[in-house]
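Observations on the three-dimensional arrangement
So the chains spell out like this:
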Amino acid sequence: MKFEIDTLGIIHSPYKEKFAIPRQPGLVKSIRARLELLPPYDQPDVLRGIEQFSHLWLSFVFHQTMGQGWHPTVRPPRLGGNERVGVFATRSTFRPNPLGLSVVELHGIGRERGKLWLELGAVDLLDGTPIVDIKPYIPYADSLPEARGGFAPEAPTPPLAVSFSAEAEQQLARLASRHPELRQLVSEVLAQDPRPAYKKGKPDEKLYGVRLFDLNVRFQIQEPHCLVSAIDPV
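What comes next concerns the included structure. (Residues numbered from 1 in each chain as written. Predicted model: local features only at pLDDT ≥ 70, side-chain atom pairs only at ≥ 80, totals over all residues. Heavy atoms only, no water.)

1. Looking at unusual backbone geometry
What counts here: Secondary structure elements follow DSSP: runs of H or I no shorter than four residues count as helices, runs of E no shorter than two count as strands, and numbering proceeds from the N terminus.
Note that the residue after Pro-39, namely Pro-40, is joined by a cis bond; omega there is 0°. Following Glu-223, the chain continues to Pro-224 via a peptide bond in cis, the omega torsion being 5°. Relative to the helices and strands, Pro-224 is located in the loop between strand S11 (215–222) and strand S12 (225–233). The residue Arg-113 is not glycine, and still its phi comes out positive at about 50°. Topologically, Arg-113 is positioned in the loop between strand S6 (99–112) and strand S7 (115–120).

Below you can see the structure in the form of structure tokens.
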């Protein structure tokens, strides 16, 4: 059986590339995002009553990786990237149907110049991600404290301490009026160590870069430290 799914809306987030997006939305708490609804779903009636809920479930499409197909087994980062498990035992992007599920905090509803959107808290979603469904999070049904977490029983402890070079500090000061949350956001994102699993625990002289907003954040990692060397316009 085949069927079509409409795109209800598009995510606008600071994450401009897959690299460095946290593996779960709650790991970087300072992030803010917006879900813009698309016609014919951009009418206030579709959101009537949604403000009663603090959190939402978003079903989305892994649009950037869907063309790469799926794999029956994958290497989860939580297992060091060395052990293979079945794709359905993970939240890997390489799935038979490239659908993801994320719980996000709802901060409010916005409407201006014919556009309608939801203001969201921490997300793990790439800018431009298509959203295909929105559902309220129901604590009594969706929160199960006794559930087992398999190979990911607890949230990971951020492994890195992040600091900023003198140049990066000057750039943060210049950007403060436009991005007041930038220091906290960069610190939370890089503290998670976004590098591939095979890089961790080894000497690494590489200068990395990650796009946040319209900026290229350049950094180096000497575990357990991460130094942000510069924050340049893209």
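2. Thoughts on helix H2 (residues 166–175)
For the record, the criterion: Partly exposed residues are those whose accessible area sits between 20% and 50% of the maximum for their type, while under 20% is buried and over 50% is exposed, using a 1.4 Å probe and protein chains only. Within this analysis, the arc is defined by the directions that extend from the helix axis to the C-beta atoms. Contacts between residues were defined by any pair of non-hydrogen atoms, one from each residue, lying within 4.5 Å.
Those residues of H2 that sit buried are Ala-168, Gln-171, Leu-172 and Leu-175. Seen end-on, H2 carries its buried residues on one side only, within an arc spanning 105°. Residues of H2 that are exposed and point more than 90 degrees away from the buried face comprise Ala-166, Gln-170, Ala-173 and Arg-174. On its buried side, H2 packs onto strand S9 (161–164), helix H3 (182–191), S11 and S12.

Read these as spatial facts, not as claims about activity.
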